[in-house]
Amino acid sequence: MQDVTARLGYRLKGAAAALRGAMDKALREHGLTVPQYACLELLDQQPGLSNAELARGTFVTRQSMNVVLRALQADGLITRPATSDHGRALPARLTDAGQERLDQARAAVYAIDQRLTEAVPASRRAQFLADLDRMAAAVSSG
């Protein structure tokens, strides 16, 4: 039987856990969780996304995203209308305070991403990213 720690999935999970730990630590200093930060990033790029769209983009369930959105709204970092003309979707937008908090946290997160990037030799990065995409597709499709 093969050592589980030598398996690709185990190593990938270890890298993801290390990334999550580093991000948790960095974002705690800015009063954010990883899902909250990811939500703010998406809303900065695409204002007006719905709960479902944000959940898909941040890799959490809709129920979890609803909790994230309520916390961000309570902290004054996003706004959402009380009602919507389009069914149940309540489009979210960053407030000025949300943009400021995102800008402050972004430098810390990008520094972590830079450390990840530098860990892969520049000559292999494009292939590595393509490999990651193929791995995700391989397990997503069945």
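Report on the accompanying structure. (Residues numbered from 1 in each chain as written. Predicted model: local features only at pLDDT ≥ 70, side-chain atom pairs only at ≥ 80, totals over all residues. Heavy atoms only, no water.)

Details of the overall build of the protein chain
1) Next: Looking only at helices and strands, the protein chain has six helices and two strands in total.
2) Next: Taken from N to C terminus, the helices and strands of the protein chain fall in the order α-α-α-α-β-β-α-α.
3) Next: Overall, the C-alpha framework of the protein chain stretches about 55 × 35 × 30 Å when taken along its three principal axes.
4) Next: Counting across all 142 residues of the protein chain, residues that qualify as buried make up 27%.
5) Next: Partitioning the intrachain contacts of the protein chain with sequence separation of at least 6 by distance along the chain shows that 48% fall at a separation of at least 24.
6) Next: Counting only carbon and sulfur atoms, one obtains 55% of the accessible surface of the protein chain, whose full area is about 9600 Å².
7) Next: If you average the places of the 18 positive and of the 15 negative side-chain charges in the protein chain, the two averages end up 7 Å apart. (Helix = DSSP H or I, 4+ residues; strand = E, 2+ residues; numbered from the N terminus. Buried < 20%, exposed > 50% of the residue type's maximum accessible area, 1.4 Å probe, protein only. Contact = heavy atoms within 4.5 Å. Areas by Shrake-Rupley, 256 points an atom, 1.4 Å probe, with all protein chains shown as cover. Lys, Arg positive; Asp, Glu negative; His and termini not counted. Charge placed at Lys NZ, Arg CZ, Asp CG, Glu CD.)

Observations regarding the layout of surface pockets
1) Next: In this model, the largest pocket occupies a volume close to 1400 Å³.
2) Next: Considering the residues around the largest pocket, the lining is formed by 34 residues, among which Ala16, Leu19, Asp113, Leu116 and Leu132 are closest to the centre.
3) Next: When residues of the lining of the largest pocket are assigned to their parent elements, the largest contribution, 10 residues, is made by helix H1 (residues 8-28).
4) Next: Class assignment of the residues belonging to the lining of the largest pocket gives a composition of 24 nonpolar, four polar and six charged. (1 Å grid on protein atoms, 1.4 Å probe; cavity = no way out; pocket = protein on both sides within 12 Å on 5 of 7 lines; lining within 4 Å. Points joined across faces, edges and corners; volume = space filled by probe spheres on them. Nonpolar A, V, L, I, M, F, W, Y, C, P; charged D, E, K, R; others polar.)

What about the environment of Tyr110?
1) Next: Relative to the assigned elements, Tyr110 resides in helix H5 (residues 96-119).
2) Next: A relative accessible area of 47% means that Tyr110 is categorised as partly exposed.
3) Next: In the structure, Tyr110 is positioned 87 residues away from Met23 in sequence and 9.8 Å away in space, judged by C-alpha atoms.
4) Next: Non-local contacts of Tyr110, meaning those with residues more than four positions away in its chain, are made with Tyr37 and Glu41.

Topic: the packing of H1 against helix H2 (residues 34-45)
1) Next: Interhelical geometry of H1 versus H2 gives an angle of 80° and a closest axis separation of 9 Å. Taken together, the axis directions place H1 and H2 in an arrangement best described as roughly perpendicular. Contact residues: H1 offers Arg20, Met23, Asp24 and Leu27, while H2 offers Val34, Pro35 and Tyr37. (Axes fitted to C-alpha atoms, helices over the stretch in contact; angles between N-to-C directions. Parallel < 35°, antiparallel > 145°, perpendicular 65-115°, else oblique.)

A closer look at unusual backbone geometry
1) Next: The phi torsion at Phe59 lies on the positive side, around 65°, for a residue other than glycine.
2) Next: With respect to the helices and strands, Phe59 occurs in the loop between helix H3 (51-58) and helix H4 (62-74).

Concerning H2
1) Next: The end-to-end C-alpha distance of H2 is 17 Å, a good match for the 16 Å that 12 residues give at a rise of 1.5 Å each.
2) Next: The buried count for H2 comes to nine of 12 residues, which makes it a mostly enclosed element.
3) Next: When H2 is considered as a whole, its buried residues turn out to be Val34, Pro35, Gln36, Tyr37, Cys39, Leu40, Glu41, Leu42 and Leu43.
4) Next: Residues of H2 that are buried sit in contact with H1, H3, H4, strand S1 (78-79), strand S2 (93-94) and H5. (Expected span 1.5 Å × (residues − 1).)

Quick word on the pattern of salt bridges
1) Next: Within this structure, the stated rule accounts for five salt bridges.
2) Next: Here Glu41 ties to Arg106 by a salt bridge, and the two come within 2.9 Å at their closest N and O atoms. Of this pair, Glu41 sits in helix H2 while Arg106 sits in helix H5; the two residues are 65 residues apart in sequence, bridging distant segments of the chain. For the pair Glu41 and Arg106, one class covers both residues: buried.
3) Next: Between Asp103 and Arg106 there is a salt bridge; the shortest N-O distance is 3.5 Å. (Salt bridge = Lys/Arg side-chain N within 4 Å of Asp/Glu carboxyl O.)

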